[in-house]
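Examination of the molecular architecture
What follows is the residue order along each chain.
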Amino acid sequence: MDIKANLEAVKKTFINPDCLLVAVSKTKPLADLKEAYACGIRDFGENKVQEIQAKQPEMPEDTRWHMIGHLQSNKVKYIAPFVHLIHGVDSFKLLKEINKQGKKIDRIIPVLLQIHIAEEESKFGFDAKEIQEMIQDPEFTALTHVSVQGLMGMATFTEDENQIRKEFKSLKSLFENLKKETLPAFVEMKELSMGMSGDYLIAQEEGSTMVRIGSAIFGSRG
Ligand SMILES: *Cc1c(COP(=O)(O)O)cnc(C)c1O
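Within every chain, residues take consecutive numbers counted from 1 along the sequence as written. A pLDDT threshold of at least 70 governs which residues receive local features in this predicted model, and a stricter bar of 80 or more applies before side-chain atom pairs are shown or counted, although totals over entire chains, interfaces and linings include all residues. Side-chain measures here rest on the full set of heavy atoms in the structure, leaving out hydrogens and waters.

You'll find the protein chain entered in an unreviewed UniProt entry as Pyridoxal phosphate homeostasis protein, with Algoriphagus pacificus given as the organism. Here the protein chain is described in UniProt, under the heading Function (unreviewed entry), as follows: "Pyridoxal 5'-phosphate (PLP)-binding protein, which is involved in PLP homeostasis." UniProt positions are given in the numbering used here, feature names are shortened, and annotations may be inferred rather than shown by experiment. Here is the UniProt Sequence similarities (unreviewed entry) comment for the protein chain, exactly as written: "Belongs to the pyridoxal phosphate-binding protein YggS/PROSC family."

Next comes the structure, spelled out in structure tokens:
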């Protein structure tokens, strides 16, 4: 795998050069992360707490760790001290646990709320109604140690571009609608994490501010 060439090829196709590239390094060895780091990548995406914990001490201090997968509440404490952004907050329970762990170590933890946009049942996340219910809950308004920076979503795994585009459009529209609402100060709708190796160009066309790209950089995960 020529990681440098892959990174250049991916970057060259970006429709929005300001869109943040999160290099998804899950299952990949440290040598691959170091190679990407040497090419200027600072943002790395991992989806397993154990793996992120193992890699974090081995990488330079200024590496930014993105937790992109489903996160179990009982594991939040292990990444709370250093995680840069938790993309996959898919329940109020998890958000409250992140707040609790942040409070313990006196750190405000940046998160994105994961929205269920795909057709598949298996994908995690809130729907629009659940988001509304949560943000109106007094327990939500009282959170002190999380910073909600936007939304994250994953499109259906399909070849059908229209389907993918429709799902990204629905996420973008929810994002824009939330922006117009009166929200607590710790909620800022500024980041929209959507797009992976197979659909990041559509995602950028539809307004993504960060893409999570793994296989197009590091090769398939077998
Ligand atoms: C694995 C993963 C990605 C990256 O997928 P690729 O298709 O390899 O680019 C992006 N987002 C999430 C949530 C993932 O789990």
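Structure shown, so let's carry the discussion forward.
**A word on unusual backbone geometry**
Positive phi is not limited to glycine here, since Thr 27 has a value of about 70°. Helix and strand labels come from DSSP, where a helix needs a run of H or I of at least four residues and a strand needs a run of E of at least two; each type is numbered from the N terminus. Looking at the secondary structure, you find Thr 27 in the loop between strand S1 (20-24) and helix H2 (30-38).

**Some points on the packing of aromatic side chains**
Only centres within 6.5 Å qualify two rings of Phe, Tyr or Trp (six-membered ring in Trp) as a pair; their planes then separate them into stacked at under 30 degrees, edge-to-face at over 60, and tilted for everything else. Evaluation of the coordinates by the stated rule reveals four aromatic pairs. Their ring planes at 50° and their centres at 5.8 Å tell us that Phe 14 and Tyr 200 sit as a pair that is tilted. One end of the pair, Phe 14, is in the loop between helix H1 (3-13) and S1; the other, Tyr 200, is in helix H9 (residues 200-205), and 186 residues separate them in sequence. Feature note: the residues Phe 92, Phe 140 and Phe 186 constitute an aromatic cluster, connected by ring pairs. Over a ring means this: the NZ of a Lys or the CZ of an Arg is within 6 Å of the ring centre and within 35 degrees of the ring normal. The ring centre of Tyr 37 lies 3.5 Å from the NZ or CZ of Arg 42, which sits over that ring. Geometry around Phe 92 places Lys 96 over its ring, the cationic atom sitting 4.2 Å from the centre.

**Details of the layout of surface pockets**
Of the volumes computed, that of the second largest pocket is approximately 170 Å³. Of all elements in the fold, only H1 and S1 reach the threshold of two or more residues within the lining of the second largest pocket. Under the grouping applied here, Gly and all other residues not named as nonpolar or charged are polar, the nonpolar ones being Ala, Val, Leu, Ile, Met, Phe, Trp, Tyr, Cys and Pro and the charged ones Asp, Glu, Lys and Arg. Its residues assigned to classes, the lining of the second largest pocket shows six nonpolar, one polar and six charged. Computed over the protein atoms alone on a 1 Å grid, cavities are sets of points where a 1.4 Å probe fits but cannot get out and pockets are open sets with protein on both sides within 12 Å along at least five of seven lines; a residue lines them when it has an atom within 4 Å of a point. Grid points are joined across faces, edges and corners, and a volume is the space filled by probe spheres set on the points.

**Details of empty space enclosed by the protein**
In the structure shown here, the tally under the stated rule is one cavity of 30 Å³ or more. There is about 40 Å³ of room inside the largest cavity. Together, Leu 113, Ile 131, Ile 135, Phe 140, Leu 178, Leu 183, Val 187 and Met 189 line the largest cavity. For the lining of the largest cavity, the secondary structure elements donating two or more residues are helix H6 (128-135) and strand S7 (187-193). Partitioned by chemical class, the residues of the lining of the largest cavity number eight nonpolar, no polar and no charged.

**Description of the site of the ligand**
Proximity is defined per residue: any heavy atom of the residue falling within 4 Å of a molecule or strand makes that residue near it. The environment of the ligand is made up of Val 24, Lys 26, Ile 68, Met 152, Met 154, Met 196, Ser 197, Arg 212, Ile 213, Gly 214, Ser 215 and Arg 221. Any pair of nitrogen or oxygen atoms within 3.5 Å is treated as a polar contact; in protein, a donor-acceptor pairing is required on top of that, and neighbouring residues in sequence qualify only through side-chain atoms on both sides. At a separation of 2.7 Å, an oxygen atom of the ligand approaches a polar side-chain atom of Lys 26. Between the ligand and the protein, one listed contact pairs an oxygen atom with a side-chain N or O atom of Ser 197 at 2.5 Å. Per-residue accessibility takes into account occlusion by the displayed protein chains alone, with areas from the Shrake-Rupley method and a 1.4 Å probe. Coverage of the ligand by the protein chains reaches 90% of its 390 Å² of free accessible surface.

**As for the pattern of salt bridges**
We count a salt bridge whenever a side-chain nitrogen from Lys or Arg sits within 4 Å of a carboxyl oxygen from Asp or Glu. Applying the stated criterion across every chain, the model contains 14 salt bridges. One salt bridge in this structure joins Arg 64 and Asp 43, with 2.8 Å as the shortest N-O distance. You can see Arg 64 sitting in strand S3 (residues 64-67) and its partner Asp 43 sitting in strand S2 (residues 43-46), a full 21 residues away along the chain. The shortest N-O distance in the salt bridge between Glu 206 and Lys 169 comes to 3.0 Å. Remark: Lys 169 occurs in helix H8 (residues 161-180) and Glu 206 occurs in the loop between H9 and strand S8 (210-213); sequence separation between them is 37 residues.

**Details of the pairing of S8**
Classification of residues uses two cut-offs on accessible area relative to the type maximum, computed with a 1.4 Å probe and protein chains only: under 20% is buried, over 50% is exposed, and between them is partly exposed. Burial along S8 is two-sided: the face carrying Met 210 and Arg 212 and the face carrying Val 211 and Ile 213 are both buried. Should DSSP find at least two bridges between two strands, the strands are regarded as paired. Two elements, S1 and S8, share four bridges in a ladder whose sense is parallel. Counterpart to Leu 21 in the pairing with S8 is Val 211.

**As for the side chain of Ser 193**
The topology assignment puts Ser 193 in strand S7. Contacts are assigned to residue pairs with any non-hydrogen atoms lying within 4.5 Å of each other. When near neighbours in sequence (up to four residues on either side) are disregarded, Ser 193 contacts His 87, Leu 112, Leu 151, Met 152, Gly 153, Met 210 and Arg 212.

**As for the UniProt feature "modified residue: N6-(pyridoxal phosphate)lysine" (unreviewed entry) in the protein chain**
According to UniProt, the feature "modified residue: N6-(pyridoxal phosphate)lysine" (unreviewed entry) maps to Lys 26 in the numbering used here. Within the element layout of this structure, Lys 26 appears in the loop between S1 and H2. On the accessibility criterion, Lys 26 (18% relative accessible area) is buried. Excluding anything up to four places from it in sequence, Lys 26 contacts Gly 45, Glu 46, Asn 47, Glu 51, Lys 55 and Arg 221.

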